Structures are given as structure tokens and as C-alpha cells.
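# Architecture at a glance
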Amino acid sequence: MENRPARVLAIHDLSGFGRCSLTVILPILSAMRVQVCALPTAVLSTHTGGLGEVQMRDLTDFITPALQHYERLGLGFECVYTGFLGSPEQITSCLQAFSLWPDAIKVVDPVMGDHGKPYRTMDAGMVGRMAELVKSADIITPNLTESYLLLGESYDFSPLPRGKAKSMLARLCEMGPHQAVITGATLLDGGPCNLGYDRERGSYWMVPCDYMPVSYPGTGDMFASVLVGGLLCGDSLPIAMARATGFLERTIKDTFSYSSDPRFGVQFERDIGVLMGHSVLKEFTLL
Ligand code: PXL
């Protein structure tokens, strides 16, 4: 029998500078003792969050042949984890990966926008195709903006009453996934937090976090990576959420204390050692 760490097929872009997508997913999952097979959807000089004219090479025609190569090799994956996707054809390739490894946990981070707005690369067609990918997922990790986009509702900047938060989570899971996590929410009676729902158990969870007056790119990728690492190492959903929220809160606070350029991302290199231990830095509660 093959004796090896859990292995994740990560289908995301590689943005050279700015600390997002594969440049954070690889170190975080490695620190959590999970092996990553990186399948880049595109190569970019930086992320698209305000660093000027980005150099980008689309790799749509690379993904399916790479999947076929992994299939020929007989590689096993315990998880297929998708993120930023640049074309409708890339969504087709992700669906293909899901059917090639049917026993893998299918995690879809439906990267489409933030702060109430879709990214420039997202049109209505891509949002529709992302919803199709979400239907086939086991776990999704949209931020609040992406949650509204998936539900076809316009973004509401006002804090969420608990009933509305639960209804959003339930309706996201009605699309197909067993579990949904909404990041970057603010509850009317609970402040900033991350929210989760397990459809089979009917349980709603929340992990509160401190507010910081700053926004960094890549935090969604970092959160989902720690969540995936936790789940693959045996965490329950709320424990994995607490692990991810705790790590993000700590590294965001540390970065903010150094007053760096927010566009350069979270200085997670300072804190990555925390992920190598077993400590969970936050508590979870029922929503
Ligand atoms: O972190 C999400 C993300 C992923 N990939 C690219 C991005 C962004 C967010 O801006 O620009 C290329």
C-alpha cells in the first residue's frame, strides 16, 4: 500500500507577486503536511488588485492534457480544490477533474469578486458557469460578495441578521454542496465572522474575528487552504473554520502592525510555523 501524506490537486492561477492563489496555497498546505499537485490555470506577473498592467498567459489548453497525464500515471488525490478560473473552458476541465477522481473531496472556492463587486475578468457567463461548478462541489468557500453573486442577488452592505445568514448558507447548499462556508461576513448582533453550514447535520456555525481597517488580496485563498488542510487532517467543519479564522486573524494583525503596502498581501511567512503545530487559535459557536 502507498504510504504518503494526503494529496490535493489544486487548480488555481499562479500570480508571481502579491501573495495569492498558488503562491500561498503551496506553502500553507505543505506546512500542514499535505502534498499539493499544482495545476496552474494561468500565469500572471501579479494579482489583478491594483498593481498596474499585469502580464498574463492563459493556460486553458494546458489543463485537460495535464489531467490526462495524471490519470495515466494513476495518481490518487484525496481532494480536488479549485479557485480563480479565467475562462468557461477551464470550468469544463475542473468538472472533468471531479469525474476523474470521484472519491476526492471537491472543494470549490468560487473566486469571482470582493467588496460588493465582481472582478474585471468575471462576466455574467462566467458567473453562470461557476454556479455550475458549485453544483458539483462538496464544499464551497465564497466570500460575501461571491455568495450574493451565486444566489443571483444584489450585494447588501448592511450587517446580516442571523436569519438571513442562515438562509443564505442553506440556499447555497441547495445548489448542490454538502457544506458551505461564507467568509468576510458581518452579523448584525455578532460583528465580523466566518459562517458555515453542514446540510446533512443541519448545523450552522460561526467563528467571530476582530475587525482590522485594511483589506489584503489573497486572504480568501489563505483561508480556504487552511480549511482544506484542516479537513484533510481530520478536523470537523467548525474546527477547520476556527483553525483557518485564527490563522488569518493572527497573520493579518501581524502584517497590519508593520504598516506594509496592502497590495503586497499578508506577510504570512512570519506566522506560517503556527500551522505546523496542532493548536487552533479560535473558538467556534453555533450560529
Ligand atoms: O485571491 C484571489 C485572486 C486570485 N487570482 C488572481 C487575483 C485574485 C484577486 O485579486 O487577481 C489573479
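A few points on the structure.

Reading the values: the criteria
Residues numbered from 1 in each chain as written. Predicted model: local features only at pLDDT ≥ 70, side-chain atom pairs only at ≥ 80, totals over all residues. Heavy atoms only, no water. Helix = DSSP H or I, 4+ residues; strand = E, 2+ residues; numbered from the N terminus. Rg over C-alpha atoms; globule rule 2.2 N^0.38 Å. Buried < 20%, exposed > 50% of the residue type's maximum accessible area, 1.4 Å probe, protein only. Contact = heavy atoms within 4.5 Å. Areas by Shrake-Rupley, 256 points an atom, 1.4 Å probe, with all protein chains shown as cover. Expected span 1.5 Å × (residues − 1). Pairing = 2+ DSSP bridges. Right-handed = clockwise from strand over helix to strand, strands pointing away. Patch = residues over 30% accessible without salt bridge, like charges linked within 9 Å, V, L, I, M, F, W, Y side chains within 5 Å. Salt bridge = Lys/Arg side-chain N within 4 Å of Asp/Glu carboxyl O. Arc of directions from axis to C-beta. Axes fitted to C-alpha atoms, helices over the stretch in contact; angles between N-to-C directions. Parallel < 35°, antiparallel > 145°, perpendicular 65-115°, else oblique. Left-handed = near helix turned anticlockwise from the far one by under 90°. Nonpolar A, V, L, I, M, F, W, Y, C, P; charged D, E, K, R; others polar.

### Points about the overall build of the chain
Counting its secondary structure elements, the chain contains 8 helices and 12 strands. In summary, the chain has a C-alpha radius of gyration of 18 Å against a globular reference of 19 Å for 287 residues, a match within 12%. If you line up the chain on its principal axes, its C-alpha atoms span 50 × 45 × 40 Å. Looking at the chain residue by residue over its 287 residues, the buried ones come to 51%. By sequence separation, contacts in the chain at least 24 residues apart represent 71% of the contacts at least 6 residues apart. Per element, the accessible surface of the chain, about 12300 Å² overall, is 55% carbon and sulfur.

### A few points about helix 8 (residues 237-257)
The end-to-end C-alpha distance of helix 8, which contains 21 residues, comes to 30 Å, matching closely the 30 Å that a straight helix rising 1.5 Å per residue would cover. With 15 of 21 residues buried, helix 8 is to be regarded as a mostly interior element. S259 sits one or two residues past helix 8 and shows a positive phi near 45 degrees.

### Comments concerning the pairing of strand 1 (residues 7-17)
Where burial is concerned, most of strand 1 is hidden: 8 out of the 11 residues are buried. Of the strand pairs in this sheet, strand 1 and strand 2 (residues 35-46) are connected by 9 bridges, and their pairing is parallel. What sits directly across from L9, in strand 2, is C37. Between strand 1 and its parallel partner strand 2, the chain crosses via helix 1 (residues 22-31), and the hand of that crossover is right-handed.

### A few points about a nonpolar patch on the surface
A cluster of nonpolar side chains, namely I239, V280 and F284, defines an oily patch on the protein surface of about 190 Å² accessible area. Along the chain, the position of I239 falls in helix 8. Under the relative-accessibility criterion, I239 is labelled partly exposed at 31%.

### With respect to the pairing of strand 5 (residues 105-108)
In the sheet, strand 4 (residues 79-82) pairs with strand 5 via 4 bridges, with the strands oriented parallel. Bridge assignment links C79 to a residue of strand 5, and that residue is I105. Taken together, strand 4, helix 3 (residues 88-100) and strand 5 constitute a β-α-β crossover, and its handedness is right-handed. The sheet contact formed by strand 5 and strand 8 (residues 139-140) spans 2 bridges and is parallel. Opposite V107, over in strand 8, you have I139 as the bridge partner.

### Describing the pattern of salt bridges
Between side chains of opposite charge, a pair can form when the charged atoms approach closely. Per the stated rule, a full pass over the model turns up 15 salt bridges. The partner of E269 in a salt bridge is R19, with the nearest N and O atoms 2.9 Å apart. A residue pair is termed long-range when its members are at least 10 positions apart, and E269 in the loop between helix 8 and strand 12 (285-286) and R19 in the loop between strand 1 and helix 1 qualify at 250 residues. We classify E269 as partly exposed; its relative accessible area is 46%. It is possible to trace a salt-bridge network through shared partners that takes in E2, R4, R7 and E78.

### Points about the environment of P110
Relative to the assigned elements, P110 resides in the loop between strand 5 and strand 6 (113-114). Overall, P110 belongs to the buried group, its relative accessible area being 0%. Residues P110 and M32, 78 residues apart in the sequence, show an inter-C-alpha distance of 23 Å. Apart from residues no more than four positions distant in its own chain, P110 is found in contact with M130, V134, T141, P142, E146 and L150.

### Observations regarding helix 2 (residues 60-73)
Of the positions making up helix 2, those classed as buried are T60, I63, A66, L67 and Y70. Projected onto a plane normal to the axis of helix 2, the buried residues spread over an arc of 105 degrees and lie on a single side. Turned more than 90 degrees away from the buried face of helix 2 sit D61 and R72, all of them exposed. Residues of helix 2 that are buried sit in contact with strand 1, strand 2, strand 3 (56-58) and helix 3. G74 sits one or two residues past helix 2 and shows a positive phi near 70 degrees.

### Describing the packing of helix 5 (residues 144-151) against helix 6 (residues 162-174)
Two measures define how a pair of helices packs: the angle their axes make with one another and the distance between the axes. Interaxial distance between helix 5 and helix 6 falls to 10 Å at its minimum, and their mutual angle equals 60 degrees. Compared by their axis directions, helix 5 and helix 6 come out oblique. Here helix 5 runs over helix 6; the crossing is left-handed. For the pair helix 5 and helix 6, the contacting residues are L144, S147, Y148, L150 and L151 in the first and K164, M168, R171 and L172 in the second. Residues belonging to the contact of helix 5 with helix 6 are distributed by class as follows: 6 nonpolar, 1 polar and 2 charged.

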